[in-house]
Amino acid sequence: MSKTDYIIIGGGIIGMMTARELALQGAIVSIFDRKNLGMETSWAAGGILSSMRPWAEPESSMLLSEQGKKLYPSYVELLKQETDVDSEYIGSGLIIIDKDHSAKTKAWASNRNIDFVENIENIPSEINLPKHSILLPTIAQVRPPKLLNALRNSLEALSVSIYENTKITDLGIKNNQFQSVEFDGGKVVADSVIITAGAWSKSLLGNINTDINIKPIRGQVVCLKLKEQILHNMILDGAYYLIPRRDGHLLIGSTMEDVGFVNETTKVARQELLNWAYSIYPALSNAKPVSHWSGLRPSTKANIPIIGQLPSFKNIYINTGHFRKGILQAPSSAQLLADTLSGRDSFMGIESFSAECQNQTLKIA
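For every chain, the first residue of its written sequence is number 1, and the numbers climb from 1 along that sequence. Local features in a predicted model are, by the rule used here, given only for residues with pLDDT of at least 70; side-chain atom pairs are given and counted only at 80 or more, and totals for whole chains, interfaces and linings are based on all residues. Values shown for side chains rest on all heavy atoms present in the structure; no hydrogens or waters enter the calculation.

1. Some words on the side chain of Arg-297
Rules: Strands here are runs of E lasting at least two residues and helices are runs of H or I lasting at least four, both read from the DSSP assignment and numbered beginning at the N terminus. Only protein chains enter the accessibility calculation, which uses a 1.4 Å probe; a residue whose area is less than 20% of its type maximum is buried, one above 50% is exposed, and one in between is partly exposed. Counted as positive: Lys and Arg. Counted as negative: Asp and Glu. His and the chain ends are not counted at all. Each salt bridge in this description consists of a side-chain nitrogen of Lys or Arg and a carboxyl oxygen of Asp or Glu lying within 4 Å of one another. Whenever two N or O atoms come within 3.5 Å, that pair is a polar contact, provided that in protein one can donate a hydrogen and the other can accept it, and provided that, for residues adjacent in sequence, both atoms are side-chain atoms. Any two residues whose heavy atoms approach within 4.5 Å are treated as being in contact.
Residue placement: Arg-297 occurs in strand 13 (residues 289-300). The side chain of Arg-297 is buried and forms no salt bridge, while Glu-257, the nearest opposite charge, is found at 7.4 Å. Among the polar contacts made by the side chain of Arg-297, one reaches the side chain of Ser-254 at a distance of 2.5 Å. A distance of 3.1 Å separates a polar side-chain atom of Arg-297 from the backbone oxygen of Thr-255. When sequence neighbours within four positions are dropped, the list of residues in contact with Arg-297 reads Thr-41, Ala-199, Lys-215, Pro-216, Ile-217, Arg-218, Gly-219, Ser-254, Thr-255, Met-256, Phe-323 and Arg-324.

2. Points about the packing of aromatic side chains
What counts is decided by this rule: Only Phe, Tyr and Trp rings take part, Trp by its six-membered ring, and two of them pair if their centres are within 6.5 Å. Stacked means planes under 30 degrees apart, edge-to-face means over 60, and tilted covers everything else. A ring has a charge above it when a Lys NZ or an Arg CZ is no more than 6 Å from the ring centre and no more than 35 degrees off the ring normal.
One pass over the full model with this rule turns up 7 aromatic pairs. Taken together through their ring pairs, the aromatic side chains of Phe-32, Tyr-163 and Phe-183 make up a single cluster. Positioned above the aromatic ring of Tyr-75, the side-chain terminus of Arg-20 is 4.8 Å from the ring centre. For Arg-34, the ring lying beneath its charged end belongs to Trp-200, and the centroid distance is 4.6 Å.

3. Describing helix 3 (residues 59-83)
Counted only if it meets this: Expected helix span is given by 1.5 Å per residue-to-residue step, counting one fewer step than there are residues.
Between its first and last C-alpha atoms helix 3 spans 35 Å; for 25 residues at 1.5 Å apiece the expected length is 36 Å, and the two agree. Looking only at helix 3, the buried set comprises Ser-60, Ser-61, Met-62, Leu-64, Ser-65, Gln-67, Gly-68, Tyr-72, Tyr-75, Val-76, Leu-79 and Thr-83.

4. Thoughts on the pairing of strand 12 (residues 249-253)
Applicable threshold: Being paired, for any two strands, means DSSP has found at least two bridges between them.
The buried fraction of strand 12 amounts to 5 of the 5 residues, a majority that puts the element mostly inside the structure. Neither face of strand 12 is exposed, since His-249, Leu-251 and Gly-253 on one face and Leu-250 and Ile-252 on the opposite face are all buried. The pairing of strand 9 (residues 214-225) with strand 12 spans 4 bridges and is antiparallel. For Leu-224, the partnering residue across the bridge sits in strand 12 and is Leu-250. Pairing of strand 11 (residues 240-244) with strand 12 involves 4 bridges; the strand directions are antiparallel. Each residue of the ladder has a partner; that of Ile-243, found in strand 12, is Leu-251. Linking two consecutive strands that pair antiparallel, namely strand 11 and strand 12, is a turn of 4 residues; a positive phi of about 100° is found at Gly-248 within it.

And the structure:
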């Protein structure tokens, strides 16, 4: 049996960044995952560092997103210096082509003095862009598998204890206070536990708390490898996107499927994504898909993540429910929770992300 300051359950990007932030503050941290770190939903993400619909995002979530954007350039640079792994942070810009989406984003950007371009230049003639399209030139992307690799190396360098492919058999709780986790072959005692298990957070908590409203929404992505990459901006059309990678790969995503915990790819979704991509970039019909994957995003009814102390428990915390903004909001969510746990002032208050606050908001609505 070993002892640690914090146990983190869930080794996706939220859990890994939370572990890193706490370790950097001097805490002893252990992180658990039922698979390899980062190999569930985080690995499957596209890596657009922007909210899909910033104009519809609740104020608290929007502030979390904007802080994530601010943190990323220095964050990935520090990771590269620590680990020599390039997370491929690229300021490729985001073109929005859906008419209603473009208009609302333009109004949102104007009100917040955020740069946008209406007359988009230097776009190859092969790309079909409607006249109402706008470009957000400052939006960047990151490549999640590479980012996750860098984070894992960073956690190892910070002496975070990593328990992969480990099924937790029991959460030891007594008098509304967490004490330990048990698993096949061992037990770890900790002062506090942080649940960062994404769509699986609710089932992990079991009967401990039934007010956490999180459910999975499946998203599927198709990847092509192009002989020549003529598209350099990301393109967003409603829920669909194109993300060009530096090495010639092109991601086509993504679906929004309420199918429970069914994390499988389908031929129907693959053809849906390809047909949309061909309508934007007809030459893609000559490229052969090289891979097709899916992930289960954790959604909440209030459309904002749940971050903070679990109601009625002294030392159980949660950091989950980021839906399509997990990559974007990971560094800011980790910073906010770690600052709160250490008693430091942070860039914003954590109260609006509490489970209690979200449930009250839903009851009022």
